[in-house]
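Single-letter residue listing:
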Amino acid sequence: MYSKPKIVILGAGYAGIMTAKRLTEKLSIPEAEITLVNKHNYHYETTWLHEVAAGTINPNQARVLLRDVVNTNRVNLVYDTVEKVDKDNKKVLLENGELDYDILVFSLGFESNTFGIKGMEENAFAISDIDSSRAISQHIEYQFAKFNTSEEQDESSLAILVGGGGFTGIELLGELVEKVPQLCKKYDIDRSKVRIINVEASPSLLAGFDPELVEYAKESLETRGVEFYLNAKITECTTNGFVVGDDNEEIKAGTVIWTGGVTGNSVLGKSGFELNRGKVSVTEDLRDPNSDHIFVLGDCAWVMNKEAGRPYPPTAQIAIQQADYAAENIKALLYGEPLSEFVFDNKGTVASLGNKDAVGSIFDDKKLYGKAATIMKQVIDNRSLFMIGGTKLILKKGKFRLF
Ligand code: FAD
Ligand code: NAD
């Protein structure tokens, strides 16, 4: 008896959810059985997590129930945690069961990378998902709430320390400079008592980004009260803060957040994939070089930018584009046709600096600052919602900030 090929997609982030959507457009019901596995019953906008972490948006705005945006007549939704892929037997081992596959899409996203820095995993918060991000905003608010009632009124308990000045760190600082004055007002605390500190190992923030835009971002944040420590490598994280630089300077804070780097999901390693800095160096058509029926996408994939001689940074933009190619290539694989080479169409980068400021470099290096960049960032955020859930989702969760 003919049995439909089983396509199993792991992770309902940008890469996974868009692959599922594209497959339902390209394949009819008799052509394949499609299953999407995700830890939670919701997709979240990973690109909004810094706002959840600072408490400038409600966590519910950043998440969407999968059953509301995935066609459940075409895609089986499985809410479970992937523990391992048994490649030899073509099975996915879940916390509560297992699934067989003929074609697998591995898109479980990123994990925070602490590079083995002493105490970092144990003592610092990290932005990884909705729960870890919400925990940060709740912790910050708790520090403010208890300040005036505690006997010693230790001002360092109010300080917020952000380790790493890449895009996540900078976008988080942009939210914090807006949230802190609100918390000061709510808990009757003088703003001057609260330090917001960023520690970055390199001489500059946002490595590789346009220097003029980097300077603009730094000034914008400094003007609103961020203290930067540049050329300052964090060597240890204690329960009280960071140890920094050759002279082991201690910077104390009640809230310590690590935004110093990410790597591919650890399920890759547990499943025996050959790894390059925690990711799979995929073939030109986005497959695992050792398994021609496994596609690896998004933050789990190491994709070389041949012109630049280095990998593309992991972004939502590239993950979404990879999903288009993966769906097309899965169809080609089912029909024994040639697969297409992934070509990244870089539309640029825009980073928010809070609600009312941003920097961006788009299309052919056109620079955007301030209001124009902020509007562009909103357009990008709303476009992402549109791709996942159409106009209805924009109206429900979209960003329409007025200036
Ligand atoms: P993810 O979006 O991380 O999705 C992975 C999915 O897998 C999640 O649903 C997760 O719950 C699920 N999952 C994980 N482990 C398991 C498991 N074991 N079992 C089951 N399910 C699991 N990029 C941009 O292009 N523009 C931006 O403005 C931007 N801003 C960012 C802001 C922040 C704060 C951060 C952290 C990142 C930002 N990025 C941005 C990067 C971008 O978010 C990532 O590159 C993108 O999310 C990668 O997509 P993905 O599909 O690979 O993984
Ligand atoms: P990152 O790797 O881009 O930046 C980490 C920063 O931490 C670097 O500047 C690094 O020098 C610093 N660092 C590392 N070790 C350190 C140490 N010991 N002491 C002090 N500083 C240290 O990581 P990220 O910012 O989390 O970004 C991850 C990915 O997500 C990137 O590809 C980024 O482009 C993408 N992203 C994009 C956007 C956007 O487009 N708006 C926003 C957020 C993230």
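Here the residue numbering is sequential within each chain, running from 1 through the sequence in written order. Ligands are numbered from 1 and chains lettered from A, in the order in which they are written. Since the coordinates come from a predicted model, pLDDT governs what is reported: local features require at least 70, and pairs of side-chain atoms require 80 or more to be given and counted, while whole-chain, interface and lining totals use all residues. For the side-chain quantities, the full set of heavy atoms in the structure was used; hydrogens and water were omitted.

Focus on the overall build of the protein chain
- Helix and strand definitions here come from DSSP, where helices need a minimum of 4 consecutive H or I residues and strands a minimum of 2 consecutive E residues; each element is numbered from the N-terminal end. What the protein chain contains, in helices and strands, is ten helices and 28 strands.
- Principal-axis analysis of the C-alpha atoms gives the protein chain an extent of 75 × 45 × 40 Å.
- Accessible surface, the protein chain: about 18,800 Å² in total, of which carbon and sulfur atoms supply 48%. Each accessible area is a Shrake-Rupley estimate made with a 1.4 Å probe; only the visible protein chains count as cover when residues are assessed.

Digging into the packing of helix H1 (residues 14–26) against helix H9 (residues 316–334)
- Taken N-terminus to C-terminus, the directions of H1 and H9 make an angle of 35°; their axes are 8 Å apart at the nearest point. Our pair here, H1 against H9, has a crossing hand that is right-handed. For the pair H1 and H9, the contacting residues are Tyr14, Ala15, Met18, Thr19, Arg22, Leu23 and Lys26 in the first and Ala316, Ala319, Ile320, Ala323, Asp324, Ala326, Ala327, Glu328, Ile330 and Lys331 in the second.
- Residue classes follow a fixed rule: Ala, Val, Leu, Ile, Met, Phe, Trp, Tyr, Cys and Pro count as nonpolar, while Asp, Glu, Lys and Arg count as charged, and any other residue, Gly among them, counts as polar. Looking at the contact of H1 with H9 residue by residue, the classes come out as eleven nonpolar, one polar and five charged. Angles shown run from 0 to 180 degrees and are taken between the N-to-C directions of axes, each axis being a line fitted to C-alpha atoms and, for helices, limited to the stretch in contact. Here a crossing is called left-handed whenever its near helix is offset anticlockwise from the far helix by less than a right angle, and right-handed whenever the offset is clockwise. Contacts: residue pairs with any heavy atoms within 4.5 Å of one another.

As for the pairing of strand E28 (residues 366–369)
- Here, any two strands with at least 2 DSSP bridges between them count as paired. Summarising the sheet, strand E27 (residues 358–362) and E28 pair through four bridges and their orientation is antiparallel. Across the sheet, the residue bridging to Ile362 is Lys366, located in E28.
- What sits between the antiparallel neighbours E27 and E28 is a turn of three residues, in which Phe363 has the positive phi angle 40°.

Observations concerning the pairing of strand E15 (residues 234–237)
- Relative to strand E16 (residues 241–244), E15 runs antiparallel, the two being bridged by three bridges. The partner of Cys237 across the bridge, within E16, is Phe242.
- Hairpin connection of E15 to E16: three residues between the antiparallel strands.

Re the environment of Ala145
- Structurally, Ala145 is set in helix H5 (residues 130–147).
- C-alpha separation for the pair Ala145 and Ala20, spaced 125 residues apart in sequence, amounts to 44 Å.

Notes on the packing of aromatic side chains
- Note on aromatic contacts: the rings of Phe and Tyr and the six-membered ring of Trp form a pair at centre separations within 6.5 Å, being stacked when their planes are under 30 degrees apart, edge-to-face when over 60 apart, and tilted otherwise. According to the stated counting rule, one finds six aromatic pairs in the structure shown.
- An angle of 80° between the planes, with centres 5.1 Å apart, marks the rings of Phe167 and Phe209 as edge-to-face. Of this pair, Phe167 sits in helix H6 (residues 167–187) while Phe209 is found in the loop between strand E13 (196–199) and helix H7 (211–223), placing the two residues 42 residues apart along the sequence.
- What makes Phe209 buried here is its relative accessible area of 12%.
- Cation over ring: Lys87 sits above Phe273, and NZ or CZ is 4.1 Å from the ring centre. Only protein chains enter the accessibility calculation, which uses a 1.4 Å probe; a residue is then buried when its area is under 20% of its type maximum, exposed when over 50%, and partly exposed in between. A positively charged side chain is recorded as over a ring if its NZ (Lys) or CZ (Arg) lies within 6 Å of the ring centre. The angle to the ring normal must also be within 35 degrees.

A short note on the sheet that holds strand E21 (residues 287–288)
- Taken in spatial order, the six strands make up an open sheet running E5-E2-E1-E9-E22-E21, and their pairing is mixed. Strands at the two margins of the open sheet, each flanked by one partner only, are strand E5 (75–79) and E21.
- With four bridges joining them, strand E1 (residues 6–10) and strand E9 (residues 103–106) adopt parallel strand pairing. Bridging from a neighbouring strand, Ile9 pairs with Val105 of E9.
- In the packing of H1 onto the sheet, the strands contacted are E1, strand E2 (33–38), E5 and E9, and the crossing angle to E1 comes to about 155°.
- This element, H9, spans E1, E9, E21 and strand E22 (291–296) of the sheet and lies at about 165° to E22.

A word on H9
- Helix span is expected to be 1.5 Å times the residue number reduced by one. Its 19 residues give H9 an end-to-end C-alpha distance of 27 Å, which sits within 8% of 27 Å, the value for a rise of 1.5 Å per residue.
- Here H9 has its buried residues at Ala316, Ile318, Ala319, Ile320, Gln321, Gln322, Ala323, Ala326, Ala327, Asn329, Ile330 and Ala332.
- At its buried positions, H9 is contacted by E1, H1, E9, E22 and helix H10 (370–397).
- At the exit of H9 stands Gly336, carrying a positive phi of roughly 65°.

Considerations on the site of ligand 1
- Consider each residue's heavy atoms; a residue with any of them within 4 Å of a molecule or strand counts as near. Around ligand 1 sit 30 residues in total, of which Ala15, Thr46, Val82, Asp299 and Lys377 are the nearest.
- Within 3.5 Å is the distance limit for a polar contact, defined as a pair of N or O atoms, with the added protein rule that one can donate a hydrogen and the other accept it, and that residues adjacent in sequence qualify only through two side-chain atoms. Side-chain polar atom of Asn38 to an oxygen atom of ligand 1: 3.0 Å apart, as the coordinates give it.
- A distance of 3.4 Å separates an oxygen atom of ligand 1 from a polar atom in the side chain of Tyr44.
- Burial of ligand 1 by the protein chains amounts to 90% of its free accessible area of 1,000 Å².
- Those elements that place two or more of their residues in the shell around ligand 1 are H1, H6 and H9.
- Of all the elements, H9 adds the most residues to the shell around ligand 1, at three residues.
- Residues that form the shell around ligand 1 fall into these classes: ten nonpolar, 15 polar and five charged.

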